[in-house]
Amino acid sequence: MPASERIPARGLLTEAALRTLLAEGELTVLGQVRGASNAVLYCTVAHEDEERPCVYKPVAGEQPLWDFPDGTLAQREVAAYEISEATGWGLVPPTVLRDGPYGQGMCQLWIEADEAAEAAEEGAAVLPPLLALVEDEEPAEGWKAVGFAEVGEGRTALLVHADDPRLRRLAVLDAVINNGDRKGGHLLPAPGGRLYGIDHGVTFNADDKLRTLLWGWAGEPLTAEAVEVLDRLAVGLEPGTALATRLAELITEAELDALRGRVAALRASGRHPQPSGEWPAIPWPPV
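Residues numbered from 1 in each chain as written. Predicted model: local features only at pLDDT ≥ 70, side-chain atom pairs only at ≥ 80, totals over all residues. Heavy atoms only, no water.

Draft legend 1. Molecular detail of the overall build of the protein. Scanning the protein from N- to C-terminus turns up six helices and ten strands. A compact globule built from 287 residues would reach a C-alpha radius of gyration of about 19 Å, and the protein, at 19 Å, matches this within 12%. In terms of its C-alpha atoms, the protein occupies a principal-axis envelope of roughly 55 × 50 × 35 Å. Sorting the 287 residues of the protein into buried and exposed places 46% on the buried side. By sequence separation, contacts in the protein at least 24 residues apart represent 64% of the contacts at least 6 residues apart. Total accessible area on the protein stands at roughly 14300 Å², and carbon and sulfur atoms take up 51% of it. (Helix = DSSP H or I, 4+ residues; strand = E, 2+ residues; numbered from the N terminus. Rg over C-alpha atoms; globule rule 2.2 N^0.38 Å. Buried < 20%, exposed > 50% of the residue type's maximum accessible area, 1.4 Å probe, protein only. Contact = heavy atoms within 4.5 Å. Areas by Shrake-Rupley, 256 points an atom, 1.4 Å probe, with all protein chains shown as cover.)

Draft legend 2. A look at the pattern of salt bridges. What the rule picks out here adds up to 17 salt bridges. Among the salt bridges present, the one from Asp199 reaches Lys57, with a minimum N-O distance of 2.6 Å. Here Asp199, found in the loop between strand 10 (195-197) and helix 4 (224-236), pairs with Lys57, found in strand 3 (residues 50-58); they are 142 residues apart in sequence, far enough to count as distant. The class of Asp199 is partly exposed, set by a relative accessible area of 26%. (Salt bridge = Lys/Arg side-chain N within 4 Å of Asp/Glu carboxyl O.)

Draft legend 3. Examining helix 6 (residues 253-269) more closely. If you check helix 6, its first and last C-alpha atoms are 24 Å apart, about what 17 residues at 1.5 Å a residue would give, namely 24 Å. Residues Glu255, Leu256, Ala258, Leu259, Arg262, Val263 and Leu266 constitute the buried set of helix 6. Across the axial projection of helix 6, the buried residues extend over an arc of 160°, all falling on one side. Facing away from the buried surface of helix 6 by more than 90 degrees, the exposed residues are Glu253 and Ala268. Those residues of helix 6 hidden inside the fold are in contact with helix 2 (73-87), helix 3 (165-177), helix 4 and helix 5 (242-248). Remark: Gly270 follows helix 6 within two positions and exhibits a positive phi of approximately 70°. (Expected span 1.5 Å × (residues − 1). Arc of directions from axis to C-beta.)

Draft legend 4. View of the nonpolar core. Within the largest apolar cluster, 47 residues are counted, with the highest numbers of intra-cluster contacts made by Ile83, Leu167, Val176, Phe204, Leu237, Leu247 and Leu259. Here this core takes eight residues from helix 3, the largest share from any one element. Excluding anything up to four places from it in sequence, Val176 contacts Ile83, Leu230, Leu233, Leu259, Arg262, Val263 and Leu266. (Core = buried A, V, L, I, M, F, W, Y, C linked by side-chain atoms within 4.5 Å.)

Draft legend 5. Geometry of the sheet that holds strand 5 (residues 103-109). Strand order in the open sheet made by the five strands is 1-2-3-5-4, with antiparallel pairing throughout. On the outer flanks of this sheet lie strand 1 (26-32) and strand 4 (95-100), each paired with one strand and no other. Between one strand axis and the next, the sheet turns through 40° on average, direction left out of account. Relative to the sheet, helix 2 contacts strand 3, strand 4 and strand 5, its axis offset from that of strand 4 by approximately 150°. (Pairing = 2+ DSSP bridges. Axes fitted to C-alpha atoms, helices over the stretch in contact; angles between N-to-C directions.)

Draft legend 6. The packing of aromatic side chains, seen in detail. Summed over all chains, the structure comprises one aromatic pair. Summarising the aromatic geometry, the rings of Tyr42 and Trp110 are spaced 4.6 Å apart at their centres and angled 75° between planes, so their arrangement reads as edge-to-face. Taken as a pair, Tyr42 in strand 2 (residues 41-47) and Trp110 in the loop between strand 5 and strand 6 (131-134) lie far apart in primary sequence, 68 residues in all. The two residues Tyr42 and Trp110 agree in class, both being buried. (Phe/Tyr/Trp six-rings, centres within 6.5 Å; stacked < 30°, edge-to-face > 60°.)

Draft legend 7. Expanded view of empty space enclosed by the protein. This model, assessed by the stated rule, comprises two cavities of 30 Å³ or more. Estimates place the volume of the largest cavity at around 80 Å³. The wall of the largest cavity is formed by Ala171, Asp174, Leu210, Thr212, Leu214, Trp215, Trp217, Ala218, His272 and Pro273. Its residues assigned to classes, the lining of the largest cavity comprises seven nonpolar, two polar and one charged. Of the voids in this model, the second largest cavity is the one considered here, and its volume is about 30 Å³. Taken together, Asp208, Leu210, Trp215, Pro275, Ser276, Trp279 and Ala281 make up the full set of residues lining the second largest cavity. Of the residues belonging to the lining of the second largest cavity, the class tally is five nonpolar, one polar and one charged. (1 Å grid on protein atoms, 1.4 Å probe; cavity = no way out; pocket = protein on both sides within 12 Å on 5 of 7 lines; lining within 4 Å. Points joined across faces, edges and corners; volume = space filled by probe spheres on them. Nonpolar A, V, L, I, M, F, W, Y, C, P; charged D, E, K, R; others polar.)

Put into structure tokens, the structure is as follows:
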């Protein structure tokens, strides 16, 4: 969607007010976001005197996945938002499940990426500034190594990501929700220094499916902040709590039990997870 056609946000709304806007506002489809494997529609949502740009992903536009036979991608996107809110980190844009012009689907606030973080040349296939390909054998100070990647003509380069606390929180969130598709294009640096992660349809599988570009902290101790968040999350996921009850509406019982198990395993190890070796560790394409 060209920047000139995007609807600018007006004013400031609380998180609760944004959810109400997304859930109850009138959706108007303006166009389709190309390149996605499932239907992604760029819309506006208007309610009373407020209007915001948003993304609407109807369930009817989802492609079946053999390893996610239950539920919908839309429900998993909402579940990821619920967990993000429970951590207190606010890493996922406000997201709701609602009816729209093409049936039930996920509706998420559109995040306008900081222009300084976008490619200088329109349409250039480059990595976001939080990621880089370098010719060195080791990452420079302030960067973490992910692994070597083929860059053509028999050459390889080292893929690195920034040693950034925002990314580190996102790496913990991905480990909790078992994100099977954390690509570079799913990282949105926003004005004011915020960082958002989007596209969480392939999450919460009961089997280990973690695929991410954020392996730089693999095996390292979790931060004290992350440990505190996981402790709080474990309590919030206990049966009968508001969070557990809400998640039971979005994912299966087996997936909810596996979610609790991942939180428990992270707390027990006190470390960022490492690739299992049983599943490709890096998503493809990475961007």
